[in-house]
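# Examination of the molecular architecture
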There are 4 protein chains.
Amino acid sequence: MLEVGVIGYGYWGPNIVRNFQGLGNVHVAAICDKSSAALRRASSVNHGVKLLDNTADLFSMPDIEAVAVVSPVWTHFEVAKEALERGKHVFVEKPFTRTVAEAEQLIEIAEKNHRKIMVDHTFLFTGAVRKIRQLIDDGTLGTLYYYDSMRVNLGLFQHDVNVVWDLAPHDLSILDYLIRKNPEAIIATGERHLNGLEDIAFITIYFPDNVIAHVNVNWLSPVKVRTTLIGGEKRMLVWNDLEADEKIKIYDKGVQVKSGQGVYDLLVSYRSGDMWAPKVDQCEALRSELSYFVDCINSDQKPFNDGEAGLRVIRMLEAAEISLKAKGKVVHL
Amino acid sequence: MLEVGVIGYGYWGPNIVRNFQGLGNVHVAAICDKSSAALRRASSVNHGVKLLDNTADLFSMPDIEAVAVVSPVWTHFEVAKEALERGKHVFVEKPFTRTVAEAEQLIEIAEKNHRKIMVDHTFLFTGAVRKIRQLIDDGTLGTLYYYDSMRVNLGLFQHDVNVVWDLAPHDLSILDYLIRKNPEAIIATGERHLNGLEDIAFITIYFPDNVIAHVNVNWLSPVKVRTTLIGGEKRMLVWNDLEADEKIKIYDKGVQVKSGQGVYDLLVSYRSGDMWAPKVDQCEALRSELSYFVDCINSDQKPFNDGEAGLRVIRMLEAAEISLKAKGKVVHL
Amino acid sequence: MLEVGVIGYGYWGPNIVRNFQGLGNVHVAAICDKSSAALRRASSVNHGVKLLDNTADLFSMPDIEAVAVVSPVWTHFEVAKEALERGKHVFVEKPFTRTVAEAEQLIEIAEKNHRKIMVDHTFLFTGAVRKIRQLIDDGTLGTLYYYDSMRVNLGLFQHDVNVVWDLAPHDLSILDYLIRKNPEAIIATGERHLNGLEDIAFITIYFPDNVIAHVNVNWLSPVKVRTTLIGGEKRMLVWNDLEADEKIKIYDKGVQVKSGQGVYDLLVSYRSGDMWAPKVDQCEALRSELSYFVDCINSDQKPFNDGEAGLRVIRMLEAAEISLKAKGKVVHL
Amino acid sequence: MLEVGVIGYGYWGPNIVRNFQGLGNVHVAAICDKSSAALRRASSVNHGVKLLDNTADLFSMPDIEAVAVVSPVWTHFEVAKEALERGKHVFVEKPFTRTVAEAEQLIEIAEKNHRKIMVDHTFLFTGAVRKIRQLIDDGTLGTLYYYDSMRVNLGLFQHDVNVVWDLAPHDLSILDYLIRKNPEAIIATGERHLNGLEDIAFITIYFPDNVIAHVNVNWLSPVKVRTTLIGGEKRMLVWNDLEADEKIKIYDKGVQVKSGQGVYDLLVSYRSGDMWAPKVDQCEALRSELSYFVDCINSDQKPFNDGEAGLRVIRMLEAAEISLKAKGKVVHL
């Protein structure tokens, strides 16, 4: 039975606690939050869990081997740093840190202390993303051409981060997982309309071999959209995460160019065949992710969504932020 | 009865001829195309129309007062120039010209010869765009925040222009018509995968007063999408041009920020009310546009989609092309 | 604080308990179920509630004023009868009883004992049905023409009731609430394919004044559909209960007939205007219903979804069953 | 070159003429219509075709081997009868005739004169219906369970036939083609609201082996729906004819029942796998049908959509009409 502590009991913390408790081989020993209202909420649903209002008390509990850091983004670095230094494994909510420098430092500390970092990129544990990765790995899509995601809805406006830091980490972690190349350049554009933070933004990421990614995030859309187009040489797919049943549709469609003599002889031929929607595993992604976190600790295995994965996302976010502030300046990575 | 000539009888030309013939006050006196196959097709459906294989013969017909230039984009300038110099009014398919310089020159020639230029921005004559313009003009949407359009499908690959010059003119002419401000900067990113021309591209346009526009065009999408989100301070709308009946949906939704003391006191309040889809005029846009062209000639009136409107679109396209070739460089206008 | 008991802790019981507990003015004093597994599940989430395996013990608790009967359909009559005779108000899950005779007897017993019956027609407490009722009451739809509902999905097959008794009570209670006329005749057709119970059925109900209702229920549909069309003289609406946001769409459409001379002079004119989707209250219907149940008890008020309402639904179900067994025989009511 | 005559040039006639003319091996020698306005319309698009205002003149043209009867339904019998007796093959628009007796008589006359009858059941020549037939024939769906179709929209009200005779022939011809069993009983319900003709109707058809069909037709629906569910033992499909690309979706879903001991031991197991949408041929169905008509004449082959097929549909329509008039009486066939 792994003893864990959960730091932060706001929006996401209760989900972490509930899923840890459902695993069977984990005991949530303590929940920590500065807000007494949050602790009251925790007490009403979690019986027998120690409720603390400071991290020091939690880190002093020697039986706790791992902590989940679910506090506000700007506290991630300090909390995770202390946890690692006190010998705890850490599970950190996305985005990993506020800066590349912080992420690099946490990775270093974890290595020195032989502790594990896992960054909460929950989408990588969904049936949909797992299936898409498989379709890429087994060659179904062929050489990747592009990844184009739209993630828009009304609100929720954040107080401390703009729409890029709020919504784009999902897409950046997914495309990092699917494309598996190092980005070469990032261009981000966007605008502020209400509280001084960008509420709409468009990010383009150039990858080697003509792969291009694009992410459209917006807090001011009247409708909720969670749709990603992925184009490959052989097939293309649409992932609509709001569909209850047919989240992924794969189209046996493509374009081929045959060279002729001279520019007007380029023959473009289109192929259009069946569409199919494979059955996608519907289990709760967070549960799978936390189960994997526990397994990594128990078997001393490095998670694939480790500090390095978190760092790669932060590198893109930091570059996007610089580009955005300069109204679309190209940032080379 | 206005006598007109039509130059170019490929994909779009037959629609021009058919709609001119349906107007009642226009006689299509001649159709000109270099291709004998095109002329054969013209002969089978248009009885009694003169079929010519060169523009010189057409321009020599003194009764012809106006010509529609529906030939390939790279010929627009030469054909329209000659037509204007021979005293004909011109209706030019989009995009108006290949360069800003060409567009400026045509406008000058037209003025000198007291002839009219109308650029075929057909979408401005659809019931949907007309309705959106009205919703902006009567204050329904409130101050504009953003225009975000997605225009993607599989093919048709062009031989001479990339996806930006092929698909974006629609959106650029529409947003010019709706936003009515001069763009300040353009950033375009994109990639080539097949025939050396960009097949996917993302364009951001910064306007004064925090208005931002974004256009997503793609020849390599497995599904056809024609959706535009428009956000305003008071209301937001979704225009889905593929819907048969409810093309425009207006959402009585919004966000308001009330300042408090300190950053964490910014209170964001959301408003969410009814949605409605106004009835949209379903008449054929091209017919309305050509009817308006004839009216402008007959009443010696300057069309709103004149050479200047065409030039504004070409200015954006030229800037987008420069930005695209430099992988997203900011181009100030 | 009203003391209540809940009889039956299978699929629906936990929802009843949770919502009672959330009301504030109700105390769930006891839960009763014959299954020890069900009681174990109840014990893990409901602390301090008495768990009983027989109704006699529950009825003996003098403080319990009301009971919710959430046990299998064939037990409703016996359980509710005993409860009423022991002086408890009863809240009975749909369908109220297995026969008209049972329903009539329960109503009589309740009256004699001055106890209240409320039948759990949850849909009547949804924002959608409330809004539709309002649109009828305020004349928006005009004279009603028809009610046509489709309620199909894959499974869940029941062991003891066919698809009519499983799914149609929802529609029958809704149309009873909306149409407010006495049905004149019922015709039900359907077929059995698997376990000897009808898995697909179509019910037509004739009402006075040319109002017609139709209900399509199916356990063997590959897709889930919950769509109802309601046509009125002035307007028509589509209620799609699976839509997250725009559940009700009202169409300003209609048809008018003007008599001319002779049959071929009937002039039919069509009207087609805007569509709008009013904001619909999204609160949990069961909570509203249970709150209303408590209010009715506390203020000694007769609920509108009382035993009579339950009886009207059972009358239609019984007639449908007779018709179905006779392969579509007309059953007059 | 087959010489044909077309009788009736209202809504459907022009499509018949255009498709005949596009075939290459057919010459439309004459068009006949009583209305001078119709003949004027015909003259403007069909050069060199003889225009007649009475059928006698047309039947006197010895070179005409076949006629298409596209006149009003109540004239089908007289016109087709005369045509057959004058030695012409006939292509008759749906519904074939007004009564079973008429249909039987036409079949007899055709046989005696060695002429062919083809009934215009256009849907049988669509890519969608062809694909569904193939999925049944190759065992993909398994044993058929049900066919459930919804065909509703606003108008167009007919003057001489109700919604059953107007819309249901499509579904009846399709289900006859797919199910290939003789119906045992028909029950039709419906209502009249405007011009004395039923504008909404629901038809159930019982077939042997527990196959059931249901058709929902409605002229008073605010939205257009053309959706058919087909359930089989192995797989189920949804055919949405309004979808541009993915008209047919096949679901690898099913239910199996394993007997246990006693009623409560019936174990129902659900299977839910992939969905796929096969590519469907998009060619114009009417063209294929007319081409097949010509082939049948040229090669002296009996069409599968012959008079017998038309008669089977009329038999169902006649029974539905009787049932409808008796408010849902069961009519055995």
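Residues numbered from 1 in each chain as written. Chains lettered and ligands numbered in written order. Predicted model: local features only at pLDDT ≥ 70, side-chain atom pairs only at ≥ 80, totals over all residues.

Helix and strand counts for chain A come out as 9 helices and 15 strands. For chain A, the C-alpha radius of gyration of 22 Å lies close to 20 Å, the compact-globule estimate for 333 residues. Within chain A, the fraction of its 333 residues that count as buried is 53%. Counted over contacts in chain A with a minimum sequence separation of 6, partners at least 24 positions apart contribute 67%. (Helix = DSSP H or I, 4+ residues; strand = E, 2+ residues; numbered from the N terminus. Rg over C-alpha atoms; globule rule 2.2 N^0.38 Å. Buried ≥ 20, exposed ≤ 12 C-beta atoms within 10 Å, placed from the backbone. Contact = placed C-beta atoms within 7 Å.)

All right, on to the sheet that holds strand S3 (residues 50-52) of chain B then. Residue and element names in this part refer to chain B. Strands sit in the order S3-S2-S1-S4-S5-S6 across an open sheet of 6 strands; the sheet is parallel. The sheet is open, and its two borders are formed by S3 and strand S6 (117-120), each paired with just one other strand. Here the average twist between neighbouring strands, direction ignored, is 20 degrees. Where strand S5 (residues 89-93) meets S6, 4 bridges bridge the pair, whose relative direction is parallel. Looking at the pairing, Val-90 lines up with Ile-117 of S6. (Pairing = 2+ DSSP bridges. Axes fitted to C-alpha atoms, helices over the stretch in contact; angles between N-to-C directions.)

Another point: the sheet that holds strand S3 (residues 50-52) of chain D. Strand pairing in a sheet relies on backbone hydrogen bonds. The paired strands run either parallel or antiparallel. All names here are of chain D. Strand order in the open sheet made by the 6 strands is S3-S2-S1-S4-S5-S6, with parallel pairing throughout. The open sheet is flanked by S3 and strand S6 (117-120), the only strands paired with a single partner. Strand-to-strand twist of the sheet, defined as the mean angle between neighbouring strand axes without regard to direction, takes the value 20 degrees. Where strand S2 (residues 26-32) lies against S3, 3 bridges are found, and the strand directions are parallel. Counted as the bridge partner of Cys-32 is Leu-52 from S3. Along the sheet face, helix H8 (residues 285-298) touches strand S1 (2-7), S2, strand S4 (66-69), strand S5 (89-93) and S6 and points at about 175 degrees away from the line of S6.

As a further point, take the relation of the copies chain C and chain D. Relating one copy of the chain to the other takes a rotation about an axis and a shift parallel to that axis. Aligned on chain D, chain C shows an RMSD of 0.0 Å; the corresponding rotation is 180 degrees and the shift along the axis is 0.0 Å. Classification of the inter-copy transformation places it as that of a two-fold axis. Identified as the residue of chain C closest to the rotation axis by C-alpha distance is Lys-329 of chain C, at 3.1 Å. A shared binding surface is used by both copies, with 100% of the interface residues of chain C retained as interface residues in chain D. (Least-squares fit on C-alpha atoms with pLDDT ≥ 70 in both.)

Here the focus is the domain arrangement of chain A. Residues and elements named next belong to chain A. In terms of domains, chain A is made up of domain 1 (2-115) and domain 2 (124-282 + 315-332). Taken together, the contacts link 7 residues of domain 1 with 8 residues of domain 2. In terms of residue class, the side of domain 1 that touches domain 2 is built from 5 nonpolar, 1 polar and 1 charged. (Domains from an automatic or database assignment. Nonpolar A, V, L, I, M, F, W, Y, C, P; charged D, E, K, R; others polar.)

What follows covers the interface of chain C and chain D. A common way to express how large an interface is: the accessible area buried when the components associate. With 42 residues of chain C at the contact, the number on the chain D side is 42 residues. Going through the elements one at a time, strand S7 (144-154), strand S8 (185-192), strand S9 (198-206), strand S10 (212-218), strand S11 (220-232), strand S12 (236-240), strand S13 (248-258) and strand S14 (267-277) of chain C are the ones with two or more residues in the side of chain C that touches chain D. Of the residues forming the side of chain C that touches chain D, the biggest block, 6 residues, is contributed by S11 of chain C. Here the residues of the side of chain C that touches chain D are counted per class, giving 26 nonpolar, 11 polar and 5 charged.

Right, let's get into the interface of chain B and chain A. Taken together, the contacts link 42 residues of chain B with 42 residues of chain A. Sorting the residues of the side of chain B that touches chain A by element identifies strand S7 (144-154), strand S8 (185-192), strand S9 (198-206), strand S10 (212-218), strand S11 (220-232), strand S12 (236-240), strand S13 (248-258) and strand S14 (267-277) of chain B as the ones contributing at least two each. Among the elements that line the side of chain B that touches chain A, the one with the most residues is S11 of chain B, at 6 residues.

So, about the relation of the copies chain B and chain A. Once turned by 180 degrees and shifted 0.0 Å along the axis, chain B lies on chain A with an RMSD of 0.0 Å. Both copies share a contact surface, since 100% of the interface residues of chain B are interface residues in chain A too.

So, about the packing of helix H4 (residues 76-85) of chain C against helix H5 (residues 100-112) of chain C. Residues and elements named next belong to chain C. Taken N-terminus to C-terminus, the directions of H4 and H5 make an angle of 10 degrees; their axes are 9 Å apart at the nearest point. Comparing their axes, H5 and H4 come out roughly parallel. On the side of H4, the interface is formed by Phe-77, Ala-80, Lys-81, Leu-84 and Glu-85, while H5 contributes Glu-102, Leu-106, Ile-109 and Ala-110. (Parallel < 35°, antiparallel > 145°, perpendicular 65-115°, else oblique.)

For the rest of this paragraph, the subject is helix H1 (residues 13-23) of chain C. Residue and element names in this part refer to chain C. Residues of H1 that are buried include every one of Gly-13, Ile-16, Val-17, Asn-19 and Phe-20, and no others. Considering only its buried residues, H1 is in contact with strand S1 (2-7), strand S2 (26-32), strand S4 (66-69) and helix H8 (285-298). The first or second residue beyond H1 is Gly-24, which carries a positive phi of 100 degrees.

Over its 14 residues, H8 of chain C runs 20 Å from end to end, which matches the ideal 20 Å to within 8%, given 1.5 Å per residue. Positive phi shows up at Asp-300 of chain C, right after H8 of chain C, with a value of about 50 degrees. (Expected span 1.5 Å × (residues − 1).)

All names here are of chain A. Packing of helix H5 (residues 100-112) against helix H9 (residues 307-325) brings their axes to within 9 Å, and their N-to-C directions diverge by 170 degrees. On the basis of their axis angle, the class for H5 and H9 is roughly antiparallel. Note on element contacts: H9 touches H5 through Gly-307, Glu-308, Gly-310, Leu-311, Ile-314, Arg-315 and Glu-318, opposite Val-100, Ala-103, Glu-104, Leu-106, Ile-107 and Ala-110. In terms of residue class, the contact of H5 with H9 is built from 7 nonpolar, 2 polar and 4 charged.

All right, on to the environment of Tyr-11 of chain B then. With respect to the element layout, Tyr-11 of chain B can be found in the loop between strand S1 (2-7) and helix H1 (13-23). Each C-alpha atom of the pair Tyr-11 of chain B and Ser-288 of chain B lies 19 Å from the other, and the pair is 277 residues apart in sequence.

Attention now goes to unusual backbone geometry. Of the consecutive residues Lys-94 of chain A and Pro-95 of chain A, the connecting peptide bond is found in the cis state with omega at -15 degrees. By secondary structure assignment, the location of Pro-95 of chain A is in the loop between strand S5 (89-93) and H5. Positive phi outside glycine occurs at Asp-209 of chain B, with the angle close to 60 degrees. Here Arg-180 of chain D, not a glycine, exhibits a phi torsion of approximately 50 degrees, which is positive. For Arg-180 of chain D, the location among the structural elements is in the loop between helix H7 (163-179) and strand S8 (185-192).

Okay, the environment of Thr-99 of chain A next. All names here are of chain A. Structurally, the position occupied by Thr-99 is in the loop between S5 and H5. Using a count of 15 C-beta atoms within 10 Å as the deciding quantity, one classes Thr-99 as partly exposed. A C-alpha to C-alpha distance of 6.5 Å links Thr-99 and Ile-314, two positions 215 residues apart in sequence. Beyond its immediate stretch of four places on either side in the chain, Thr-99 contacts Ile-314 and Glu-318.

The next point concerns the pairing of S1 of chain B. All names here are of chain B. Direction of pairing for S1 relative to strand S2 (residues 26-32): parallel, over a ladder of 6 bridges. Each bridged residue has a counterpart across the sheet, and for Ile-7 the counterpart in S2 is Cys-32. Taking the sense of rotation as the criterion, the β-α-β connection linking S1, H1 and S2 turns out right-handed. (Right-handed = clockwise from strand over helix to strand, strands pointing away.)

Okay, the pairing of S4 of chain D next. All names here are of chain D. In S4, alternate side chains face the same way, and those of Ala-66 and Ala-68 on one face and Val-67 and Val-69 on the other are all buried. Sheet topology places S1 next to S4; 4 bridges connect them, and they run parallel. By the bridge assignment, Ile-7 is partnered in S4 with Val-69. Pairing of S4 with S5, which is carried by 4 bridges, proceeds in the parallel orientation. Directly across from Val-69, in S5, lies its bridge partner Val-92. In terms of handedness, the path from S4 via helix H4 (residues 76-85) over to S5 forms a crossover that is right-handed.

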